[in-house]
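As a plain string of letters, each chain reads:
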Amino acid sequence: KQEVTQIPAALSVPEGENLVLNCSFTDSAIYNLQWFRQDPGKGLTSLLLIQSSQREQTSGRLNASLDKSSGRSTLYIAASQPGDSATYLCAVSDTNAGKSTFGDGTTLTVKP
Amino acid sequence: ETGVTQTPRHLVMGMTNKKSLKCEQHLGHNAMYWYKQSAKKPLELMFVYSLEERVENNSVPSRFSPECPNSSHLFLHLHTLQPEDSALYLCASSQGRDRLPFFGQGTRLTVV
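Engineer: How should empty space enclosed by the protein be read in this particular structure?
Structural biologist: The final tally for this structure, using the stated rule, is two cavities of 30 Å³ or more. Of the voids in this model, the largest cavity is the one considered here, and its volume is about 70 Å³. Forming the walls of the largest cavity are Asn32, Gln34, Ser93 and Ser100 of chain A together with Tyr33, Tyr35, Leu45, Arg97, Arg99 and Pro101 of chain B. Every element with two or more residues in the lining of the largest cavity is listed here: strand S4 (30–38) of chain A together with strand S4 (31–37) of chain B. Among the residues making up the lining of the largest cavity, the classes are represented as four nonpolar, four polar and two charged.

In structure tokens form, the structure reads like this:
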């Protein structure tokens, strides 16, 4: 059974800092890995999707990396802003592009 | 309208009621999803439809019945629900399973 763990559960940083969110998974036979953000009381926003054959994906100030063999992904946020405050979720899909497993999320607070 | 629209936004139903959640996407996508987000639990992917065919059903109880009459609409029919089914139900769509999904705002369901 796939398990996804996100560490830390919560993170508070001053504005402007670069930061890394971590996601680990127990079964390396994945199809893809996705990062999402969720703002309080709102739905989800997709951020990045990394196929199992890829190492990283970038979108603006966000960079996600994937090390399938070690079961790890990181989300790097450069020059953090208060608007980045949200809960960040990672999810992995299994080899058949079927079942997806989500982590519990990391709640990020960026202080002005 | 654009994007992914879910109705209703809030729903309160009794355990003997039958209700339906509706999702509509105006993005031209060919895959649609239902997710469940319960308090203090990881997000769960419930159903996936690709080209109007159900391709994934993650061990969801039969009291939840999805329907995808065309590529733009997705329903979740609910009957004989339990209080523990109270959650935020999110719909999403994507252009193929390899692309990032776009989410609706969700339906907050309370079963009494």
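Engineer: So what exactly am I meant to see when it comes to the side chain of Gln2 of chain A here?
Structural biologist: Residue and element names in this part refer to chain A. In this structure, Gln2 sits in the segment before strand S1 (4–7). Of the polar contacts made by the side chain of Gln2, one reaches the backbone nitrogen of Thr26; its length is 3.0 Å. Looking at Gln2, its side chain comes within polar contact range of the main-chain nitrogen of Asp27, at 2.8 Å. Beyond its immediate sequence surroundings of up to four residues, Gln2 is in contact with Phe25, Thr26, Asp27, Ile30, Val92 and Thr101.

Engineer: Please clarify how the state of the cysteines should be interpreted in this entry.
Structural biologist: Two cysteines joined by a covalent bond between their sulfur atoms form a disulfide. This structure, assessed with the given rule, holds two disulfides over all chains. For Cys23 of chain A, the disulfide goes to Cys90 of chain A, at an S-S distance of 1.9 Å. Judged by the sign of its S-S torsion, about 70°, the cystine formed by Cys23 of chain A and Cys90 of chain A is right-handed. In this pair, Cys23 of chain A is assigned in strand S3 (residues 19–25) and Cys90 of chain A in strand S9 (residues 86–94), connecting sequence segments 67 residues apart. Assigned by exposure class, Cys23 of chain A and Cys90 of chain A land together as buried. Residue Cys23 of chain B pairs covalently with Cys91 of chain B via a disulfide, S to S 1.9 Å. Judged by the sign of its S-S torsion, about -75°, the cystine formed by Cys23 of chain B and Cys91 of chain B is left-handed. Of this pair, Cys23 of chain B sits in strand S3 (residues 18–25) while Cys91 of chain B sits in strand S9 (residues 87–94), placing them 68 residues apart in sequence. Cys91 of chain B matches Cys23 of chain B in its accessibility class, with the two residues each being buried. The cysteine Cys68 of chain B is free of any disulfide, with Cys91 of chain B supplying the nearest cysteine sulfur at 9.1 Å. Residue class for Cys68 of chain B comes out buried when judged on its relative accessible area of 12%.

Engineer: Mind showing me how you'd approach the packing of aromatic side chains here?
Structural biologist: For any two aromatic rings, the description comes down to two numbers: the centre-to-centre distance and the angle of the planes. Counted by the stated rule, this structure contains six aromatic pairs over all chains. Seen in terms of ring centroids, Phe102 of chain A and Tyr35 of chain B are 5.8 Å apart; in terms of plane orientation they differ by 85°. Their pairing is edge-to-face. Within this pair, whereas Phe102 of chain A is found in strand S10 (residues 100–102), its partner Tyr35 of chain B is found in strand S4, the two belonging to separate chains. What makes Tyr35 of chain B buried here is its relative accessible area of 4%. A ring pair is formed by Phe64 of chain B and Tyr89 of chain B, whose centres lie 5.9 Å apart and whose planes are at 35°; its orientation type is tilted. Residue Phe64 of chain B is found in strand S7 (residues 64–70), and its partner Tyr89 of chain B is found in strand S9; the two are separated by 25 residues along the sequence. Taken individually, Phe64 of chain B and Tyr89 of chain B each receive the classification buried, so the pair is uniform in this respect. Put simply, the rings of Phe36 and Phe102 of chain A together with Tyr33, Tyr35 and Phe103 of chain B pair up and form one aromatic cluster.

So, how was this worked out
- Residues numbered from 1 in each chain as written.
- Chains lettered and ligands numbered in written order.
- Predicted model: local features only at pLDDT ≥ 70, side-chain atom pairs only at ≥ 80, totals over all residues.
- Heavy atoms only, no water.
- 1 Å grid on protein atoms, 1.4 Å probe; cavity = no way out; pocket = protein on both sides within 12 Å on 5 of 7 lines; lining within 4 Å.
- Points joined across faces, edges and corners; volume = space filled by probe spheres on them.
- Helix = DSSP H or I, 4+ residues; strand = E, 2+ residues; numbered from the N terminus.
- Nonpolar A, V, L, I, M, F, W, Y, C, P; charged D, E, K, R; others polar.
- Polar contact = N/O pair within 3.5 Å; in protein donor to acceptor, adjacent residues only side chain to side chain.
- Contact = heavy atoms within 4.5 Å.
- Disulfide = S-S within 2.5 Å.
- Buried < 20%, exposed > 50% of the residue type's maximum accessible area, 1.4 Å probe, protein only.
- Phe/Tyr/Trp six-rings, centres within 6.5 Å; stacked < 30°, edge-to-face > 60°.

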